[in-house]
Amino acid sequence: MNSHNIIVRRATANDKHYAETITKEMEESAKARGTGIAKRSPEYIEKKMEEGKAVIALTQDGTWVGFCYVEAWEHGKYVANSGLIVAPAFRKTGVATEIKHRIFELSRELFPDSKIFGLTTGLAVMKINSDLGYEPVTYSELTNDEEFWKGCKSCVNYDILTSKQRKNCLCTAMLFDPAEAEAKIKEAERLRAAKALAEEPKPSTVVTPEGDLVQHRHRHFKGNFKLFERWVRFKQFVLLKARRRDEGNGDSSRKRSLLSFFFFW
């Protein structure tokens, strides 16, 4: 199935009739993988749709394709993109990547200052998260909200999580910190500016016939066609003026014209 035939958009209350299909597929997928997605009721999914805190993927004829939702913890300090699920018939089409990108954008829109995190065992999801700017972190860097961790009770590996005092489990924790991301962008801009300054042409010093020191900056015409055009017009003006002068003054002026030609060319 071509992903271009799939619509990925923000879910609304009009999508509530997909809720039961979504929760059923979440449960079946968790069983097949032997790992857990926090079990949610159709009513919970419907609420997310009503709040505009979910992304849904559909074919143009209305067939359900995929889903993901946003959860906020600790009064919005942390945000999780949870419950990513794609219908079996549409897996490996690239739609999961589109859903992840859209739910990430929605999270940034709703909670611009929040840290966005996720727990996953899927290498494909880890790759998508990494492309979005997530980094692997320890569990201690995630939310302490008990309600979030209660959601892991439906996972078959919950006993491993509790035996490790919630410090580790089979899932990999990944985190996007907007403050760190902004700092990285500023640092990258600073480095680019420093590199551009270092590569800027250095002025050279020449001595004029009168004995004065004059600095000339070497100009690069590549990519600066307006400057090049001005230079060509100036050169033509000088050469034509010299030729007209030669025509009026004879051979001695012609020699000076030739010198001007070589100098300006």
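A short note on the overall build of the protein chain
Move 1: Of the regular secondary structure elements, the protein chain holds nine helices and nine strands.
Move 2: Across the 265 residues that make up the protein chain, the buried fraction comes to 35%.
Move 3: Sequence-distant contacts in the protein chain: of pairs separated by 6 or more residues, those separated by 24 or more amount to 62%.
Move 4: For the protein chain, the computed accessible surface area is about 17,000 Å², with 54% contributed by carbon and sulfur atoms.

A few points about the nonpolar core
Move 1: Ranked by internal contacts, the top residues of the largest apolar core, which has 38 residues, are Ile22, Ile45, Ile56, Trp64, Phe67, Val95 and Ile99.
Move 2: Here this core gets six residues from one element, more than from any other, and that element is strand E3 (residues 64-73).
Move 3: Among residues more than four places away in sequence, those in contact with Trp64 are Tyr18, Thr21, Ile22, Glu25, Ile56, Ala57, Leu58, Ile85, Val86, Ala87 and Phe90.
Move 4: Among the nonpolar cores identified, the runner-up in size contains 15 residues, and Phe117, Trp149, Cys152 and Cys169 belong to it.

Let's talk about the pattern of salt bridges
Move 1: Inspection of the entire model under this criterion finds 14 salt bridges.
Move 2: One salt bridge in this structure joins Arg102 and Glu105, with 3.9 Å as the shortest N-O distance. Note that Arg102 and Glu105 are positioned in helix H3 (residues 95-110) at a spacing of three residues, about one turn of the helix.
Move 3: On the basis of relative accessibility, which here comes to 23%, the residue Arg102 falls in the partly exposed class.
Move 4: The partly exposed category is assigned to Glu105, whose relative accessible area is 46%.
Move 5: Between Lys184 and Glu135 there is a salt bridge, and its shortest N-O distance comes to 2.3 Å. With Lys184 in helix H7 (residues 178-199) and Glu135 in strand E6 (residues 135-137), the pair connects residues that are 49 residues apart, well separated along the chain.

Let's talk about the packing of aromatic side chains
Move 1: By the definition in use, this model includes 10 aromatic pairs.
Move 2: Taking the centre distance of 5.5 Å and the plane angle of 75 degrees together, the rings of Trp73 and Phe148 count as edge-to-face. Here Trp73, found in strand E3, pairs with Phe148, found in helix H5 (residues 146-150); they are 75 residues apart in sequence, far enough to count as distant.
Move 3: Judged by its relative accessible area of 10%, Phe148 falls in the buried class.
Move 4: Look at Phe104 and Tyr134: their rings are 5.9 Å apart centre to centre, the planes differ by 50 degrees, and that puts the pair in the tilted class. Taken together, the residues span a long stretch of sequence, with Phe104 in helix H3 and Tyr134 in the loop between helix H4 (123-132) and E6 at a distance of 30 residues.
Move 5: Relative accessible area serves as the criterion here: at 11%, Phe104 is assigned to the buried category.

Digging into unusual backbone geometry
Move 1: Not every positive phi belongs to a glycine, and Glu74 is a case in point at roughly 55 degrees.
Move 2: On the secondary structure map, Glu74 appears in the loop between E3 and strand E4 (78-86).
Move 3: Even without being glycine, His75 reaches a positive phi, approximately 60 degrees.
Move 4: With respect to the element layout, His75 can be found in the loop between E3 and E4.

Section: the packing of helix H1 (residues 19-33) against helix H2 (residues 42-51)
Move 1: One can describe the packing of H1 onto H2 by two numbers: an axis separation of 8 Å at closest approach and a directional angle of 120 degrees. The angle between the axes of H1 and H2 places the two elements in the oblique class. The hand of the H1/H2 crossing is right-handed. Along its contact with H1, which presents Ala19, Glu20, Ile22, Thr23 and Met26, the element H2 presents Pro42, Ile45, Glu46 and Met49.
Move 2: Looking at the contact of H1 with H2, its residues break down into six nonpolar, one polar and two charged.

Observations regarding the pairing of strand E2 (residues 54-59)
Move 1: Across the six residues of E2, six count as buried, placing the element largely inside the fold.
Move 2: Residues Ala54, Ile56 and Leu58 line one face of E2 and the alternating positions Val55, Ala57 and Thr59 line the opposite face, and both faces are buried.
Move 3: Note that strand E1 (residues 6-10) and E2 share five bridges and pair antiparallel. Counted as the bridge partner of Val8 is Ala57 from E2.
Move 4: Where E2 folds back onto E3 in an antiparallel hairpin, the turn is made up of four residues, including Gly62, whose phi is positive at roughly 95 degrees.

About the thresholds
- Residues numbered from 1 in each chain as written.
- Predicted model: local features only at pLDDT ≥ 70, side-chain atom pairs only at ≥ 80, totals over all residues.
- Heavy atoms only, no water.
- Helix = DSSP H or I, 4+ residues; strand = E, 2+ residues; numbered from the N terminus.
- Buried < 20%, exposed > 50% of the residue type's maximum accessible area, 1.4 Å probe, protein only.
- Contact = heavy atoms within 4.5 Å.
- Areas by Shrake-Rupley, 256 points an atom, 1.4 Å probe, with all protein chains shown as cover.
- Core = buried A, V, L, I, M, F, W, Y, C linked by side-chain atoms within 4.5 Å.
- Salt bridge = Lys/Arg side-chain N within 4 Å of Asp/Glu carboxyl O.
- Phe/Tyr/Trp six-rings, centres within 6.5 Å; stacked < 30°, edge-to-face > 60°.
- Axes fitted to C-alpha atoms, helices over the stretch in contact; angles between N-to-C directions.
- Parallel < 35°, antiparallel > 145°, perpendicular 65-115°, else oblique.
- Left-handed = near helix turned anticlockwise from the far one by under 90°.
- Nonpolar A, V, L, I, M, F, W, Y, C, P; charged D, E, K, R; others polar.
- Pairing = 2+ DSSP bridges.

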